[in-house]
Structure formats: C-alpha cells, structure tokens
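Results of the structural survey
As a plain string of letters, each chain reads:
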Amino acid sequence: MNEPLPVLFHALEFAAHKHRDQRRKDVDATPYINHPIQLAGLLAREGGVKDPVILVAAILHDTVEDTETTAAELEREFGPAIAAIVMEVTDDKSLLKAERKRLQVEHAAHISHGAKLVKLADKICNVRDMNRAPPADWNLARRREYFDWARDVVDKMRGTNTRLEALFDQELARRP
Ligand code: NDP
Ligand code: ZN
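Below or above, wherever it landed, is the structure these notes cover. All values reported here derive from a predicted model rather than from experimental measurement.

Attention now moves to the site of ligand 1. As a structural note, the neighbourhood of ligand 1 is formed by 19 residues, with Arg-24, Lys-25, Tyr-32, Arg-142 and Tyr-146 the closest of them. The contact in question runs from an oxygen atom of ligand 1 to an N or O atom on the side chain of Arg-142, over 2.5 Å. Interatomic distance of 2.9 Å between a side-chain N/O atom of Glu-145 and an oxygen atom of ligand 1. Isolated, ligand 1 exposes 910 Å² of accessible area, and the fraction of that covered by the protein chains is 75%.

Moving on: the packing of aromatic side chains. Across all of its chains, the model carries three aromatic pairs by this definition. Measuring from ring centre to ring centre gives 6.1 Å for Trp-138 and Tyr-146, while their planes differ by 65°; the resulting arrangement is edge-to-face. For Trp-138, a relative accessible area of 16% puts it in the buried group. Its relative accessible area of 11% is what places Tyr-146 among the buried residues.

Glancing now at the pattern of salt bridges. Applying the stated criterion across every chain, the model contains 14 salt bridges. Between Lys-18 and Glu-73 there is a salt bridge, and its shortest N-O distance comes to 2.9 Å. Of this pair, Lys-18 sits in helix 1 (residues 4–18) while Glu-73 sits in helix 5 (residues 71–78), placing them 55 residues apart in sequence. The salt bridge involving Arg-158 is made with Asp-155; its shortest N-O contact spans 3.1 Å. Put simply, Arg-128, Arg-132, Glu-171 and Arg-174 are held in one network by salt bridges that share partners.

In this section: helix 5. If you check which residues of helix 5 are buried, you get Glu-73, Leu-74 and Phe-78. Along helix 5, the residues classed as buried sweep out an arc of 100° about the axis, all on the same side. For helix 5, the exposed residues set more than 90 degrees away from the buried face come down to Ala-72 and Arg-76. The first or second residue beyond helix 5 is Gly-79, which carries a positive phi of 90°.

Bringing the layout of surface pockets into the picture now. In this structure, the largest pocket occupies an estimated 1200 Å³ of space. Around the largest pocket sit 42 residues that line it, and Arg-24, Lys-25, Asn-126, Met-130 and Tyr-146 are the ones nearest its centre. For the lining of the largest pocket, the secondary-structure elements that each account for two or more residues are helix 2 (34–45), helix 4 (63–66), helix 7 (97–107), helix 8 (113–132) and helix 9 (140–155). Roughly 150 Å³ of internal volume is contained in the second largest pocket. Around the second largest pocket sit Glu-88, Val-89, Thr-90, Asp-91, Asp-92, Leu-95, Arg-100, Leu-103, Gln-104, His-107, Ile-111 and Lys-119, which together line it. Sorting elements by how many residues they give to the lining of the second largest pocket places helix 7 first, with four residues.

Before going further, it helps to spend a moment on the packing of helix 5 against helix 6 (residues 80–88). The contact between helix 5 and helix 6 brings their axes to 7 Å, and the two run at 145°. In the packing of helix 5 onto helix 6, the handedness of the crossing is right-handed. Across the interface between the two elements, Ala-71, Leu-74, Glu-75 and Phe-78 of helix 5 pack against Pro-80, Ile-82, Ala-83, Val-86 and Met-87 of helix 6. For the contact of helix 5 with helix 6, the class distribution of residues is eight nonpolar, no polar and one charged.

Conventions adopted
- Residues numbered from 1 in each chain as written.
- Chains lettered and ligands numbered in written order.
- Predicted model: local features only at pLDDT ≥ 70, side-chain atom pairs only at ≥ 80, totals over all residues.
- Heavy atoms only, no water.
- Near = heavy atom within 4 Å.
- Polar contact = N/O pair within 3.5 Å; in protein donor to acceptor, adjacent residues only side chain to side chain.
- Areas by Shrake-Rupley, 256 points an atom, 1.4 Å probe, with all protein chains shown as cover.
- Phe/Tyr/Trp six-rings, centres within 6.5 Å; stacked < 30°, edge-to-face > 60°.
- Buried < 20%, exposed > 50% of the residue type's maximum accessible area, 1.4 Å probe, protein only.
- Salt bridge = Lys/Arg side-chain N within 4 Å of Asp/Glu carboxyl O.
- Helix = DSSP H or I, 4+ residues; strand = E, 2+ residues; numbered from the N terminus.
- Arc of directions from axis to C-beta.
- 1 Å grid on protein atoms, 1.4 Å probe; cavity = no way out; pocket = protein on both sides within 12 Å on 5 of 7 lines; lining within 4 Å.
- Points joined across faces, edges and corners; volume = space filled by probe spheres on them.
- Axes fitted to C-alpha atoms, helices over the stretch in contact; angles between N-to-C directions.
- Left-handed = near helix turned anticlockwise from the far one by under 90°.
- Contact = heavy atoms within 4.5 Å.
- Nonpolar A, V, L, I, M, F, W, Y, C, P; charged D, E, K, R; others polar.

Structure representation (structure tokens):
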C-alpha cells in the first residue's frame, strides 16, 4: 500500500459509522469502536505489526459479523486483501453459537498469517475486557468458560507472534 494513512482514516471513519449504535457489553457500555481501535493499536505497539493491510483489517474486523456490512462492500472500499482477512475472522452467524465456537477452534490453525494476527489481538483484547470490564450480566462460570475457549483458539495459533502470545498468556494468568 503506497499511501496507508488515508486508507487507515477511511477505515476508522467507516467502522465508526457502521458500529455507531453499538456498545460493548461492559457495565459502562463502552462505545463499540473503542474495541477495533484497541486491536489495531495493540498490533502496532505490542505486536510490531507494520503492514497496513493487517492494521486496517483489524479496524474493520467486526463490521461484517456485527453490522450489515458485506464482503463485497469491503472489497469495493478497501480492496480484496483487506476484505479477505476480515472474512477469515468473521463467524457464520447462521450457525448455532456452540457450533460457531467449535469452528473457531477448528479453523484457527488454517487461516492466513494476517488473519491469525488479527484473531490473536481480538482474543487478547477480549480476555483483557473479561478481566477488567466484563459483560455486565455474566456470572463467573460463564466468564471462565470464555477464558478456556479463548485459550483453545489461541493454542491453535502458537508460533505466529511471540510477543502477542506472551501477552495473551499474561492476561489469561490474571483470570478469576
Ligand atoms: P459471546 O460470543 O456472546 O460474547 C463474547 C464476545 O462478546 C466476545 O468474544 C467479544 O466479541 C464480545 N464482547 C463485547 N463486550 C465485551 C466485554 N466487555 N468483554 C469481553 N467480550 C466482550 O459469548 P458466548 O455467549 O458464546 O459465551 C461464552 C460461553 O458461555 C459459551 O461457551 C456459552 O456456551 C456459555 N454460555 C453460558 C451461559 C451461562 O449462563 N452460564 C449462557 C450462555 C452461554 P467481539 O470482539 O467479537 O465483539
Ligand atoms: Zn472483536
């Protein structure tokens, strides 16, 4: 990508608009867009990721899963490489939740390197949230189930980025 900054700002504006009516599940109902921004920041600052295709995909990673955004729209706006990574980290919402969770574990080892980085950052940010600002109505058992499942997914991606994997392990060690 010759000019990454205009694309990055386009993605920020696009994702902020798509997620404009959504909130995270924590008690403060944090604006949803904070989460994709955190992912991209984590990849850049902690993961040493410099490829703008991956950083932009991180900004967009929940747009298809959680808004009415389509793969075709992402391709048109951001090109096939970015759209492909977002689609690799998008669950098929027509499936039952248990099946979606199982498929994430099954597929994690087989996705592209860029998609693994985005998925690693997503799991780090989510277990961090699960420790510091968990979903308001989740009991301890449900949170613990989430930590176990996130670890199962991350275990399938070991060898992708040492620093990010260590960060995930640190966060997991703080679980209740
Ligand atoms: P969900 O996928 O519905 O919720 C977790 C997701 O919510 C995260 O991956 C994250 O995804 C997003 N999220 C939004 N806000 C937060 C936040 N503050 N902290 C962390 N994550 C946040 O989880 P499930 O419903 O699948 O629950 C996990 C487990 O709990 C399952 O194994 C399920 O079987 C079990 N369960 C237990 C119940 C119980 O009462 N004991 C009831 C129902 C399910 P993203 O980054 O994509 O936004
Ligand atoms: Zn996410």
